[in-house]
Amino acid sequence: MRLICLFAACDETDLQQNYMRYAVSGLVGYNIAAYTPRTLEECQQLCSNDTACRTFEYMDQLGQCVLQAVTPMDTPWAWNRGNDLGWDLYQRMCA
């Protein structure tokens, strides 16, 4: 059974390369880096390779990839759930 990494207390060694997708969602701020153009798979790999990355936003139409250092549970005030047209948010899973 896999659990979603809901809190910052998730240890780096517990982070997986699996992601939970939140459609039409994003986080305001907390960006680590932005990359264009990238595929979804490239964006996921960039996040998986960065120990600070907890989530990433991806806009398929433009191939935009934004890595972020927090999860929606860390910063609920910054979460645009279902209200960030064109963007999807991907959150790393914990073991």
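Residues numbered from 1 in each chain as written. Predicted model: local features only at pLDDT ≥ 70, side-chain atom pairs only at ≥ 80, totals over all residues. Heavy atoms only, no water.

The name given to the protein chain in an unreviewed UniProt entry is Apple domain-containing protein, with the source organism recorded as Batillaria attramentaria.

### Observations regarding the overall build of the protein chain
For clarity, the cut-off: Every helix listed is a DSSP run of H or I at least four residues long, and every strand listed is a run of E at least two residues long, numbered separately from the N terminus. Only protein chains enter the accessibility calculation, which uses a 1.4 Å probe; a residue whose area is less than 20% of its type maximum is buried, one above 50% is exposed, and one in between is partly exposed. Accessibility throughout is a Shrake-Rupley quantity obtained with a 1.4 Å probe, and a residue counts as covered only by protein chains that appear here.
Helix and strand counts for the protein chain come out as one helix and eight strands. Along its sequence from the N terminus, the protein chain presents helices and strands in the succession β-β-β-β-α-β-β-β-β. Taken over 95 residues, the protein chain has a buried fraction of 41%. Of the roughly 5,400 Å² of accessible surface on the protein chain, a fraction of 52% belongs to carbon and sulfur atoms.

### Here we look at the nonpolar core
In plain terms, the rule: Among the buried residues, those of types Ala, Val, Leu, Ile, Met, Phe, Trp, Tyr and Cys that are joined through side-chain atoms within 4.5 Å form a nonpolar core. Residues count as neighbours in contact if any of their non-hydrogen atoms are within 4.5 Å of one another.
Residues Y19, C43, C47, C53, F56, Y58, C65, L67 and Y90 constitute the largest nonpolar core, which totals nine residues. Every residue in contact with C47, bar those within four places of it in the chain, is listed here: Y19, C53, R54, T55, F56, L67 and R92.

### Points about the pairing of strand β6 (residues 64-68)
Keep this limit in mind: Strands are treated as partners if at least two bridges between them are detected by DSSP.
Where burial is concerned, most of β6 is hidden: four out of the five residues are buried. Bridging between strand β5 (residues 55-59) and β6 involves five bridges; their strand directions are antiparallel. The residue of β6 that forms the bridge with M59 is Q64. The turn linking β5 back onto β6 is made up of four residues, and G63 within it adopts a positive phi angle of 70°.

### Thoughts on the side chain of R54
For clarity, the cut-off: The definition of a polar contact used here is a pair of N or O atoms within 3.5 Å, where within protein one atom must be able to donate a hydrogen and the other to accept one, and adjacent residues in sequence count solely through side-chain atom pairs.
The residue R54 is located in the loop between α1 (40-48) and β5 in this model. Overall, R54 belongs to the buried group, its relative accessible area being 12%. In this structure the side chain of R54 is engaged in a polar contact, spanning 2.7 Å, whose partner is the backbone oxygen of T51.

### Comments concerning the state of the cysteines
Two cysteines whose sulfur atoms are joined by a covalent bond form what is called a disulfide. Put simply, the rule is: The rule for a disulfide is simple: a pair of cysteine sulfur atoms within 2.5 Å.
Counted under the stated rule, the structure contains two disulfides. Across a sulfur-sulfur distance of 2.0 Å, C43 and C65 are joined as a disulfide pair. In this structure, the disulfide formed by C43 and C65 twists by about 80° around the S-S bond and is classed as right-handed. Placement of the pair is C43 in helix α1 and C65 in strand β6, with a sequence separation of 22 residues. Across this residue pair, the class does not change: C43 and C65 are buried. Here C47 pairs with C53 through a disulfide, and the sulfurs are 2.0 Å apart. Disulfide C47-C53: the torsion about the S-S bond is -100°, which places it as left-handed.

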